[in-house]
Amino acid sequence: MKQILATLLFVVVSFALATAQIAKQADHMVPTGKGWAESHDNAPARSAGTATTGPNGINYHGGPLLNSTGGTNVYYIWYGAWSGNTATTILTDLATGIGGTPYFNINTTYFDGNNVAVANRVNYVTSTSDNYSQGKRLTDAKVQAVVFNAINNGKLPRDSNAVYFVLTSKDVAETSGFCTKYCGWHTHGTSSGTDIKYAFVGNPDRCPSACEAQSSSSPNSNPGADGMASVISHELEEAATDPDLNAWYDSSGAENADKCAWTFGTESIAGNGSKYNMTFNGRNWLIQQNWVNAGGGYCAKSY
Ligand SMILES: [Zn+2]
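1. A closer look at the coordination of the zinc ion
Then, in step 1: Only His234 (NE2), Glu238 (OE), Glu238 (OE) and Asp258 (OD) from the protein coordinate the zinc ion, and they sit 2.0 to 2.5 Å from it.
Then, in step 2: In this structure, the zinc ion is coordinated by four donor atoms arranged in irregular fashion, with angles at the metal of 56 to 136°.
Then, in step 3: Ordering the donors of the zinc ion by residue number gives the pattern H-x3-E-x19-D. Remark: aspartate 258 occurs in the loop between strand S10 (248-249) and strand S11 (268-269) and glutamate 238 occurs in helix H5 (residues 223-241); sequence separation between them is 20 residues.
Then, in step 4: Residue glutamate 238 is classed as buried on the basis of its relative accessible area, which comes to 0%.

2. Quick look at the pairing of strand S3 (residues 72-79)
Then, in step 1: In terms of burial, S3 is a largely internal element, eight of the eight residues being buried.
Then, in step 2: Side chains of S3 alternate between two faces, with Thr72, Val74, Tyr76 and Trp78 and Asn73, Tyr75, Ile77 and Tyr79 buried alike.
Then, in step 3: Relative to strand S4 (residues 122-130), S3 runs parallel, the two sharing eight bridges. Bridged to tryptophan 78 within S4 is serine 129.
Then, in step 4: Since S3 and S4 lie parallel, the crossover through helix H2 (residues 87-97) that links them has a hand, and here it is right-handed.
Then, in step 5: Relative to strand S6 (residues 162-168), S3 runs parallel, the two sharing seven bridges. Pairing of tryptophan 78 across the sheet is with leucine 167, part of S6.

3. Let's talk about the confidence of the model for the protein
Detailed reading of the predicted coordinates is not advisable wherever pLDDT falls low.
Then, in step 1: Considering every residue of the protein, the mean pLDDT works out to 89; 86% of them sit at 70 or more.
Then, in step 2: Confidence, expressed as mean pLDDT per element, reaches its minimum in the protein at helix H1 (residues 2-16) with 42 and its maximum at S3 with 99.
Then, in step 3: Confidence drops under pLDDT 50 across residues 1-16; counting only partners more than four residues distant or on other chains, this segment forms eleven contacts.
Then, in step 4: In this model, residues 27-45 is a region of pLDDT below 50 whose contacts with residues beyond four sequence positions or in other chains number 53 contacts.

4. Looking at the pattern of salt bridges
Then, in step 1: For the structure shown, the criterion picks out five salt bridges.
Then, in step 2: Here arginine 283 makes a salt bridge to aspartate 93, at a shortest N to O gap of 2.8 Å. In this pair, arginine 283 sits in strand S14 (residues 283-285) while aspartate 93 sits in helix H2, placing the two residues 190 residues apart along the sequence.
Then, in step 3: Look at arginine 283 and you get buried, because its relative accessible area is 19%.

5. With respect to the pairing of strand S8 (residues 182-191)
Then, in step 1: Counted residue by residue, S8 has nine buried out of ten residues, so it is predominantly covered.
Then, in step 2: When strand S1 (residues 19-22) meets S8, the two strands line up antiparallel, connected through four bridges. Within S8, the residue paired with alanine 20 across the bridge is tryptophan 185.
Then, in step 3: Here eight bridges tie S8 to strand S9 (residues 194-202), and the two strands are oriented antiparallel to one another. Paired with histidine 186 across the two strands is alanine 199, which belongs to S9.
Then, in step 4: Between S8 and S9, which follow one another and run antiparallel, lie two residues, and serine 192 among them has a positive phi close to 50°.

The rules we used
- Residues numbered from 1 in each chain as written.
- Predicted model: local features only at pLDDT ≥ 70, side-chain atom pairs only at ≥ 80, totals over all residues.
- Heavy atoms only, no water.
- Donors = N, O, S within 2.8 Å, 3.2 Å for Na, K, Ca; no water.
- Tetrahedral: all angles 85-135°; square planar, octahedral: opposite > 155°, others 65-115°.
- Helix = DSSP H or I, 4+ residues; strand = E, 2+ residues; numbered from the N terminus.
- Buried < 20%, exposed > 50% of the residue type's maximum accessible area, 1.4 Å probe, protein only.
- Pairing = 2+ DSSP bridges.
- Right-handed = clockwise from strand over helix to strand, strands pointing away.
- pLDDT = per-residue confidence, 0-100.
- Contact = heavy atoms within 4.5 Å.
- Salt bridge = Lys/Arg side-chain N within 4 Å of Asp/Glu carboxyl O.

Okay, structure coming up:
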């Protein structure tokens, strides 16, 4: 009985977890049990389910993927003050361009129990804005409210085959640990019976040393936006391969992107002196690598 209760509790906890891109200095934090402080060394275990141990250093736990043949849909919610910031153009170009790249193709090495793999397609659908409806200090619950309100108010469609990104301006705090424990996170929740996947990504101009790979210059001359591009990519590929936090992650609880966080592979130097490691949709980007679920498993920026 005690064991059953412990197992039940474990399952409940694992469903409540979100999973995060850790901040650069947060590598050796003690796990909170919430998933924020997950790291390569001491991430909390996340599931009582049985894993199919794969040969590539990451395991499938039986849950769904975002693997429809038409690809994954993306919605942006611009929260706070974004007027006049080139981020709105840069990050829209990210979302419209990342599908079909050799980089996103890494996610096609992940599949469900029917051997259906993630497609190398991302559909940026639309965006909306939110003028601080939940204030400037967001809790996790308020981030969810931003997403669910946008859906319930008809500003965005109700779409289970999508990732909704709450993108906050640099004057907005996320009180569970943005800038100290994590730079972004993804999770899911139920809205009117629909399983909604969503992510938080804040403007790291709030904390460049924690959440930007480079802060004096950047490929698109906007270090905040370029920092967000890497975090958005991280959360998107995790949401595609582990949308409900019960599909692909390793024995430490690390999802595909976690295993390669803050690694960039071979870099080049842009005209403005900044580093970049990939080019698509007419722009250079410095985006972290992702874990290839093939060939024994390894970090790469293309597959
Ligand atoms: Zn992550």
